Amino acid sequence: MKEIKISEIKGIKIGHAQNFKGATGCTAIICEAGAVAGVDVRGSGPASRETELLKPVNMVQQIHCVMLSGGSAYGLAAGDGAMEYLEEQGVGFDVGVGVVPIVCGASLFDLVVGDPKCRPDKAMGYEACEAAGTCEPAEGNVGAGTGASVGKFLGPERMMKSGLGIHAVQIGDVQCGAVVAVNALGDVIDYDTGKRIAGIITEDKTALSSTEEVMYAEIGRKRNVFSGNTTIGCVITNAKLTKVQANKLASITHNGYAKAINPVHTSVDGDTIFVMATGEVEVGPDALGALATEVMARAICRGVKAAEPAYGLKAAKDFK
């Protein structure tokens, strides 16, 4: 296995757009030739776009973009910008009188971090598409990770800044990468060491605490938990997959969330994973599932480690 740049996966372009003052942004993952896609939504509070059409029984077999964004449900408007951009490029599902780009997406909740009235919109989504492929996509406080945070069980005063992470590898001819905006209620665990690297912090903000222990301590209390979290990501691969296999891969890859986030898939997270497969090489589906799990877990850790302190929130870099 060797680490590669995600831009080495042919046919995929990734671009960010953001408003740093407002603390929000979006990330476009584009496959103009079309990618076989799947999705799995595990959290109970999702904000998503066009996930229903990814069910194997439905007609559309390929998509052209996954838009990850902040802004809660308002941020789904960024997908409209991708629609406009791709239509201008002649990219989309041929309906006889033109093309309809198939744009899926999910949004995370970042409204309490910056300006709650600043949200990704159509113009920002278009901008992210314009930026796609122009350079290697950045990590940290960019795109959908601009306003991302973790460790929110006790509210904004005890949470930490997180960000967007990217990781990609190659084994033989098989390539697999992940793009993820880390915005979890829980804590983030280092994939290699098993140590907590971000999440809920102590009251004096000098050290990391444990969300799990805090939750256990008040297990008999019904707390009005700070809501609106959601880790959203996309697995990108050059493997040949059917729509059924792409959906199964999305499901398996949630194991990567479980390896890197604790607790995960809570009632106030809308945790979602998309898959985009370009169909170039044969692959063993189970081996790819194991690989995607590791790649996603590492991308989550990278998103946390790349994050810079911002908006009054400390980051993992503050606790080295």
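See above for the structure.
Residues numbered from 1 in each chain as written. Predicted model: local features only at pLDDT ≥ 70, side-chain atom pairs only at ≥ 80, totals over all residues. Heavy atoms only, no water.

1. Remarks on the overall build of the chain
In step 1: Per the secondary structure count, the chain includes five helices and 17 strands.
In step 2: Against the globule reference of 20 Å for 320 residues, the chain gives a C-alpha radius of gyration of 18 Å, in line with a compact fold.
In step 3: With respect to the three principal axes, the spread of C-alpha positions in the chain is 60 × 40 × 35 Å.
In step 4: The buried share among the 320 residues of the chain stands at 57%.
In step 5: At a minimum sequence separation of 6, the contacts of the chain that also span at least 24 residues come to 80%. (Helix = DSSP H or I, 4+ residues; strand = E, 2+ residues; numbered from the N terminus. Rg over C-alpha atoms; globule rule 2.2 N^0.38 Å. Buried < 20%, exposed > 50% of the residue type's maximum accessible area, 1.4 Å probe, protein only. Contact = heavy atoms within 4.5 Å.)

2. Points about the packing of aromatic side chains
In step 1: Tallied over the entire structure, the rule returns one aromatic pair.
In step 2: Measuring from ring centre to ring centre gives 5.6 Å for Tyr 85 and Tyr 126, while their planes differ by 85 degrees; the resulting arrangement is edge-to-face. Placement of Tyr 85 in helix 1 (residues 78-88) and of Tyr 126 in helix 2 (residues 122-131) is noted, with a sequence separation of 41 residues between them. The same class applies to Tyr 85 as to Tyr 126, namely buried.
In step 3: Directly above the ring of Tyr 74 sits Arg 119, whose terminal nitrogen or CZ lies 3.6 Å from the centroid. (Phe/Tyr/Trp six-rings, centres within 6.5 Å; stacked < 30°, edge-to-face > 60°. Lys NZ or Arg CZ within 6 Å of the ring centre and 35° of its normal.)

3. A few points about the sheet that holds strand 13 (residues 187-189)
In step 1: Across the sheet, which stays open at both edges, the three strands sit in the order 14-13-16 with antiparallel pairing between neighbours. Looking at the sheet topology across the chains shown, the edges are occupied by strand 14 (196-198) and strand 16 (261-262).
In step 2: Contacts from helix 5 (residues 285-306) reach strand 13, strand 14 and strand 16, with the element oriented near 55 degrees to strand 14. (Pairing = 2+ DSSP bridges. Axes fitted to C-alpha atoms, helices over the stretch in contact; angles between N-to-C directions.)

4. Re a nonpolar patch on the surface
In step 1: A cluster of nonpolar side chains, contributed by Met 59, Phe 93, Val 95, Val 97 and Val 100, occupies part of the molecular surface with about 510 Å² of accessible area.
In step 2: By relative accessible area, Val 95 is classed as partly exposed at 43%. (Patch = residues over 30% accessible without salt bridge, like charges linked within 9 Å, V, L, I, M, F, W, Y side chains within 5 Å. Areas by Shrake-Rupley, 256 points an atom, 1.4 Å probe, with all protein chains shown as cover. Salt bridge = Lys/Arg side-chain N within 4 Å of Asp/Glu carboxyl O.)

5. Things to note about a negative patch on the surface
In step 1: Together, Glu 87, Glu 88, Glu 127 and Glu 130 line one region of the surface with negative charge.
In step 2: Elements with a contribution of two residues or more to the negative patch: helix 1 and helix 2. (Lys, Arg positive; Asp, Glu negative; His and termini not counted. Charge placed at Lys NZ, Arg CZ, Asp CG, Glu CD.)

6. Regarding the environment of Ala 181
In step 1: Inspection of the secondary structure puts Ala 181 in strand 12 (residues 174-181).
In step 2: A relative accessible area of 0% means that Ala 181 is categorised as buried.
In step 3: Placed 24 residues apart in sequence, Ala 181 and Lys 205 show a C-alpha to C-alpha distance of 24 Å.
In step 4: Among residues more than four places away in sequence, those in contact with Ala 181 are Leu 108, Ala 144, Gly 145, Gly 163, Leu 164, Thr 230, Thr 231 and Ile 232.

7. Describing the packing of helix 1 against helix 2
In step 1: In the contact formed by helix 1 and helix 2, the axes pass within 6 Å of each other and the chain directions differ by 50 degrees. On the basis of their axis angle, the class for helix 1 and helix 2 is oblique. Both helix 1 and helix 2 take part in a crossing whose hand is right-handed. In contact with Ala 78, Asp 80, Gly 81, Ala 82, Glu 84, Tyr 85 and Glu 88 of helix 1, helix 2 contributes Lys 122, Gly 125, Tyr 126, Cys 129 and Glu 130. (Parallel < 35°, antiparallel > 145°, perpendicular 65-115°, else oblique. Left-handed = near helix turned anticlockwise from the far one by under 90°.)

8. Topic: empty space enclosed by the protein
In step 1: For the coordinates displayed, the defined rule picks out one cavity of 30 Å³ or more.
In step 2: Of the voids in this model, the largest cavity is the one considered here, and its volume is about 30 Å³.
In step 3: Taken together, Arg 49, Met 67, Ser 69, Gly 75, Leu 76, Ala 78, Gly 79, Cys 104, Gly 105, Ala 106 and Ser 107 form the lining of the largest cavity.
In step 4: Elements that contribute at least two residues to the lining of the largest cavity include exactly strand 5 (62-69), helix 1 and strand 8 (103-107).
In step 5: When residues in the lining of the largest cavity are grouped by element, the largest group, four residues, is from strand 8. (1 Å grid on protein atoms, 1.4 Å probe; cavity = no way out; pocket = protein on both sides within 12 Å on 5 of 7 lines; lining within 4 Å. Points joined across faces, edges and corners; volume = space filled by probe spheres on them.)

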